[in-house]
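Residues per chain, in single letters:
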Amino acid sequence: MNALLWLFNTVIQLYIYVLVASAVLSWLVAFNVVNVRNPIVSQIGEFLYRVTEPLLRPIRNLLPNLGGVDISPIILILLLLFVQKLITDLYIQLAF
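Let me sum up the structure you'll find in this document. None of the values given here were measured: they were computed from a predicted structure.

Observations concerning the layout of surface pockets
Considering only enclosed or pocket space, the largest pocket measures out at about 490 Å³ in volume. What lines the largest pocket is a set of 25 residues, and nearest its centre among them are Ser22, Ala23, Ser26, Arg60 and Pro73. Put simply, the parts of the chain that give the lining of the largest pocket at least two residues each are helix H1 (2–30), helix H2 (39–62) and helix H3 (72–95). Counting residues per element, the lining of the largest pocket draws most heavily on H1, at nine residues.

Here it is in structure tokens:
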């Protein structure tokens, strides 16, 4: 059971890194630091979009319009950290 908890925590941490990478790439594209016409940048952006958008879209639908500021990745990261802590605490309580 300890291995499953480790795998669960690792998957959540990797997804958080992907969320941060997606947010950073969106800033770089918005400020014209990277060119989306570059095939590699385009593929990375498409991958990050496809991986993060299914969980970000419902959060974006619930949030009011904040004038172009997207805080949905922050909310999702906080939710993922909460779930990670919750599962870890439940495991510790059940194990001991």
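A few points about the nonpolar core
If you look at the biggest cluster of nonpolar residues, it comprises nine residues: Ile12, Tyr15, Ile16, Leu19, Leu56, Ile59, Leu76, Ile77 and Leu80. Those elements giving two or more residues to this core turn out to be H1, H2 and H3. The leading source of residues in this core is H1, at four residues. In contact with Ile59, other than residues within four places in its own chain, are Ser72, Ile75, Leu76 and Leu79.

Calculation rules
- Residues numbered from 1 in each chain as written.
- Predicted model: local features only at pLDDT ≥ 70, side-chain atom pairs only at ≥ 80, totals over all residues.
- Heavy atoms only, no water.
- 1 Å grid on protein atoms, 1.4 Å probe; cavity = no way out; pocket = protein on both sides within 12 Å on 5 of 7 lines; lining within 4 Å.
- Points joined across faces, edges and corners; volume = space filled by probe spheres on them.
- Helix = DSSP H or I, 4+ residues; strand = E, 2+ residues; numbered from the N terminus.
- Core = buried A, V, L, I, M, F, W, Y, C linked by side-chain atoms within 4.5 Å.
- Buried < 20%, exposed > 50% of the residue type's maximum accessible area, 1.4 Å probe, protein only.
- Contact = heavy atoms within 4.5 Å.

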